[in-house]
Amino acid sequence: MLTNRFTTLVGLALTGKVVLADNPIIQTRYTADPAPFVYNNTVWLFADHDEPGSTWYTMKDWRLYSSTDMVNWQDWGVVMDIPTFSWAEKDAWAAQAIERNGKFYFYASMTRKGASYGIGVGVSDTITGPYRDPIGRPLVANGNIDPTVMIDDDGQAYMYWGNPGVYYVKLNKDMISYSGGIVSLPTTQQAFGPKFAEGPWVYKRNGTYYNIFAANCCPEDIRYSTAPAATGPWTYKGLVMATEGGSFTNHPAVIDYKGGSYFFYHNGALPGGSGFTRSIAVEKFEYGRDGSIPQMKMTESGAPQIGSFDPYTRVEAETIAFSKGLSTDKTDDPEGGRMHVTSINNGDYIKVKGVDFGAAPGAGGLILRVAAQNGGSKIEVRVGSLTGTLVTTCNVDATGGARSWRTVQCAIPSGSAAVGKQDLFFKFVGNGNNNLFNFNWWQFSRAFKS
């Protein structure tokens, strides 16, 4: 990378077939520099994030989100921050994580104290962190940023990075040191096109190595090169995404998941968005028969949902397809959970995509976990749209404080619309402008068949 409250989505260029998802995929805060990683049948999305109102790349920590259907994303909060690294001063910039031998390694750009940029590595026993600095210094520090990491089929791991050059090292098996020197790749037009800028993302597919990157700063577009080996030589292949989307930077990532290929990027599509307040989005794509990556445009619709969403297990409230006006915070509910939804005001909402209530009679009850300083608020539970059929209304009374948690039971009348697969909306209603209540989790129960 060269690197609160939201109301309505700023328009993007809507192209192609309308599908069942919403971009940007995170609305509770600005996010940038996507780094998805598939682990245990789940997409884990690591991201840095811009502070609201920023006029520079003001970024203090790295956050984590997850999804099993590519449309509903759970917020896991901060997993690593600048104070993790005693040698770092500021700038929690682009990063990428990988797993090896049961441990997780998170490579990240930042500015060193009294010096230029460096790349550090955090290590954790779990993907959700917290991550710690095992070496107490930068892994590399040559004034460049934006690491990407891959482990080849023979077990050799590589870390690439670059802005404005392109470099790599061969990581040792411990993943926190490397052998040999830093290798500088030629950034010729034959290798990387008109002008390599930053943000490489390197991976291997069907024996071919791909390097997808931001080019032509600024404003940036996304291009890619391929190679027959991890060390090159690289050959420029073409444009992936032209400049658009309200941000003068972009940052690519590509994964395969459940039989599909997905391209992640960022733009400035949320209200207040810009090159310093960005938001992550995703598109599904298909490679050409020759392995080529097609040119894509940013869409509002994004990637289609995989399968459906189960409402009959406990669901963290911060699992969201789209929302308005909300933020999240670390929870202290004794019944568990890592985060909760907060900054709730009248008219705000959460949408959960493609919820499968099953055949009639469908859902028969709903429980919610909330904490409220004051009473008199309500949650309207609707299906289909924000103004769709009302399933039930849950009253939220005072619980003794914004950190005093209580479980609320909401009856659902027989014959309700909570049947089949539908989008689910929690619409928040109440008076005042200072957080009506906090919302930790929810769960439906099935209606008894008569």
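Numbers given for residues are sequential positions, taken from 1 along each chain in its written order. Where local features are concerned, this predicted model is filtered to residues with pLDDT of at least 70; where side-chain atom pairs are given and counted, the filter is 80 or more; whole-chain, interface and lining totals use all residues. With hydrogens and water stripped out, all remaining heavy atoms of the structure feed into the side-chain values.

Novice: I'm lost on empty space enclosed by the protein in this one. Help?
Specialist: In this model, the largest cavity occupies a volume close to 80 Å³. Throughout, the ten residues Ala, Val, Leu, Ile, Met, Phe, Trp, Tyr, Cys and Pro are labelled nonpolar, Asp, Glu, Lys and Arg are labelled charged, and all others, Gly among them, are labelled polar. Partitioned by chemical class, the residues of the lining of the largest cavity number five nonpolar, four polar and two charged. Here a cavity means grid points, on a 1 Å grid over the protein atoms only, where a 1.4 Å probe fits yet cannot get out; a pocket means an open set of points with protein on both sides within 12 Å along at least five of seven lines; lining residues are those with an atom within 4 Å of a point. Grid points are joined across faces, edges and corners, and a volume is the space filled by probe spheres set on the points.

Novice: Before we go on, may I ask you to explain the layout of surface pockets in this structure?
Specialist: To find leftover empty space, one rolls a probe the size of a water molecule over the atoms. For the largest pocket, the calculated volume is near 490 Å³. If you trace the largest pocket, you find 21 residues lining it, with Phe-37, Ile-98, Val-149, Met-150 and Tyr-203 closest to the centre. Put simply, the parts of the chain that give the lining of the largest pocket at least two residues each are β1 (32-39), β6 (95-100), β9 (148-151), β13 (196-205) and β17 (253-257). Here the lining of the largest pocket gets five residues from one element, more than from any other, and that element is β13. Taken together, the residues of the lining of the largest pocket break down into 14 nonpolar, one polar and six charged. Strands are runs of DSSP state E lasting at least two residues, helices are runs of H or I lasting at least four, and both sets are numbered from the N terminus onward.

Novice: It is not clear to me how the side chain of Glu-283 should be interpreted in this structure. Could you clarify?
Specialist: Mapping Glu-283 onto the fold places it in strand β19 (residues 279-285). Accessible area is worked out with a 1.4 Å probe on protein chains only. A residue is then buried under 20% of its type maximum, exposed over 50%, and partly exposed in between. Only four residue types enter the tally: Lys and Arg on the positive side, Asp and Glu on the negative side, with His and both chain ends excluded. Salt bridges, as used here, are contacts in which a Lys or Arg side-chain nitrogen is within 4 Å of a carboxyl oxygen on Asp or Glu. It turns out Glu-283 is buried and unbridged, and the closest side chain with the opposite charge, Lys-297, is 10 Å from it. Residues adjacent in sequence count toward polar contacts only when both atoms are side-chain atoms; beyond that, a polar contact is any pair of N or O atoms within 3.5 Å, and within protein one must be able to donate a hydrogen and the other to accept it. A polar side-chain atom of Glu-283 sits 3.2 Å from a polar atom in the side chain of Asn-23. In terms of polar contacts, Glu-283 uses its side chain to reach the side chain of Thr-299, at 2.9 Å. For Glu-283, the residues in contact, after removing those within four places along its chain, are Asn-23, Ser-261, Tyr-262, Phe-263, Tyr-265, Met-296, Lys-297, Met-298, Thr-299 and Gly-302. Contact criterion: two residues are considered in contact whenever any of their non-hydrogen atoms come within 4.5 Å of each other.

Novice: Would you mind showing me how to read the packing of aromatic side chains here?
Specialist: Aromatic ring pairs: the centre-centre distance and the angle between the two ring planes describe each pair. Working definition: a ring pair exists when centres of Phe, Tyr or Trp rings (six-membered ring for Trp) sit within 6.5 Å. Plane angles under 30 degrees give stacked, over 60 give edge-to-face, the rest tilted. Counted under the stated rule, the structure contains 37 aromatic pairs. Taken together, a centroid distance of 6.2 Å and an interplanar angle of 15° make the contact between Tyr-210 and Tyr-224 stacked. Note that Tyr-210 is positioned in strand β14 (residues 208-215) and Tyr-224 in strand β15 (residues 221-227), a separation of 14 residues in sequence. The residues Tyr-210 and Tyr-224 share a single accessibility class, namely buried.

Novice: In this structure, what is going on with the nonpolar core? I would like to understand it.
Specialist: The nonpolar side chains of a soluble globular protein tend to be buried with one another. The criterion is simple. A nonpolar core is a set of buried Ala, Val, Leu, Ile, Met, Phe, Trp, Tyr and Cys residues joined through side-chain atoms within 4.5 Å. Grouped together as the largest cluster of nonpolar side chains are 73 residues, with contacts concentrated most on Phe-46, Trp-62, Tyr-107, Ile-212, Phe-263, Phe-264 and Ile-293. The leading source of residues in this core is strand β7 (residues 103-112), at six residues. In contact with Phe-263, other than residues within four places in its own chain, are Ile-212, Ile-222, Val-240, Met-241, Pro-252, Ala-253, Val-254, Ala-281, Val-282, Glu-283, Phe-285 and Met-296.

Remember, this is a structural readout, not a statement about activity or role.
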